[in-house]
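# Observations on chain architecture
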Amino acid sequence: MAEIAPYEVDDCRGVLKVYSDGSIWRSTEPSFRVPVLDDGSVLWKDVMFDQPNNLYLRLYKPALAVGKKLPVFYYIHGGGFCIGSRTWPNCQNYCFKLALALQAMIVAPDYRLAPENRLPLAVEDGFTSLKWLQAQAVAAEPDPWLVDSADFSRVFVSGDSAGGNIAHNVAVRLSAGSKGLEPVWVRGYVLLAPFFGGTQLTESEAHGPKDAFLNWELIDRFVSLYTFFFVSNL
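Let us look at the structure shown here. (Residues numbered from 1 in each chain as written. Predicted model: local features only at pLDDT ≥ 70, side-chain atom pairs only at ≥ 80, totals over all residues. Heavy atoms only, no water.)

## A short note on helix H2 (residues 121-138)
Compared with an ideal rise of 1.5 Å per residue, which puts 18 residues at 26 Å, H2 spans 26 Å between its outermost C-alpha atoms and is within 8% of the ideal. Residues of H2 that are buried include every one of Ala-122, Val-123, Asp-125, Gly-126, Phe-127, Ser-129, Leu-130, Trp-132, Leu-133, Gln-134 and Gln-136, and no others. (Helix = DSSP H or I, 4+ residues; strand = E, 2+ residues; numbered from the N terminus. Expected span 1.5 Å × (residues − 1). Buried < 20%, exposed > 50% of the residue type's maximum accessible area, 1.4 Å probe, protein only.)

## Side note on the sheet that holds strand E3 (residues 24-26)
Spatial ordering of the open sheet is given by E1-E2-E3, a layout of 3 strands whose pairing is antiparallel. The open sheet terminates on both sides in strands that have one partner only, identified here as strand E1 (8-12) and E3. Direction aside, the axes of adjacent strands within the sheet are offset by 15° on average. Note: strand E2 (residues 16-19) against E3, 3 bridges, orientation antiparallel. Directly across from Val-18, in E3, lies its bridge partner Ile-24. This element, helix H6 (residues 216-226), spans E1 and E2 of the sheet and lies at about 115° to E1. (Pairing = 2+ DSSP bridges. Axes fitted to C-alpha atoms, helices over the stretch in contact; angles between N-to-C directions. Contact = heavy atoms within 4.5 Å.)

## Overview of a nonpolar patch on the surface
A surface patch of nonpolar side chains, about 350 Å² in accessible area, is lined by Ile-4, Tyr-7 and Val-9. If you trace the backbone, Tyr-7 turns up in the segment before E1. (Patch = residues over 30% accessible without salt bridge, like charges linked within 9 Å, V, L, I, M, F, W, Y side chains within 5 Å. Areas by Shrake-Rupley, 256 points an atom, 1.4 Å probe, with all protein chains shown as cover. Salt bridge = Lys/Arg side-chain N within 4 Å of Asp/Glu carboxyl O.)

## Some thoughts on the sheet that holds strand E6 (residues 70-76)
One open sheet accounts for 6 strands, arranged E4-E5-E7-E6-E8-E9; its pairing is mixed. A strand with exactly one partner marks an edge of an open sheet, and here the two such strands are strand E4 (42-50) and strand E9 (186-192). Neighbour to neighbour, the strand axes of the sheet diverge by 20° on average, direction disregarded. Where strand E8 (residues 150-160) meets E9, 6 bridges bridge the pair, whose relative direction is parallel. Within E9, the position partnered with Phe-156 by the bridge is Gly-188. The strands that helix H1 (residues 89-102) touches are E4, strand E5 (55-62), E6, strand E7 (105-109) and E9; relative to E5, the one it contacts most, it runs at about 40°.

Without other data, these values stay purely geometric and don't point to any function.
Shown next, in the form of structure tokens:
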């Protein structure tokens, strides 16, 4: 009997494709192209924060904030837990703006993506990125690029869409006062259109426009990839 060649069963924004044999294809390019607006007013660099899982974060700080202690502002990117990266131009441009507007140290961590890595691994990675910050705060030989500018007593955690969900779950885990992270003190959380869902559709999910940028069909596809069940079948 002839073998059936693997065929495409899912396509997310053209950057993630899932095949019938369980194999995954990921594009090295983002789902949309925009220029990186790097004019030198913000300094940045990449740092590995989780060696076993090969996870990096990107640090940003205003170039003119020399000798100042800056609040630390986490930005966790969105993408339905399936796509997105700290390296995507839209994420980088947003972090440039944040660093200048807030006069803050920006920390933009990556996290493991589904379907290769299903939830709750992304939430664990968000928490691990904060533990990395704590480790730097107490290290005998920390990264001076970070510690010379960061005020570890003024930390804020933000995220949009799936990143907002991760920020929420980090908040629940740490609770008020972020005990266990000393001397890091998380002062607040900023959830930007956080990605939450349930087994019953909301009015906008059930009757929203089919041509919306993020419609229920795409949401359902993401959910099926980051969990072990299909919401549409419940």
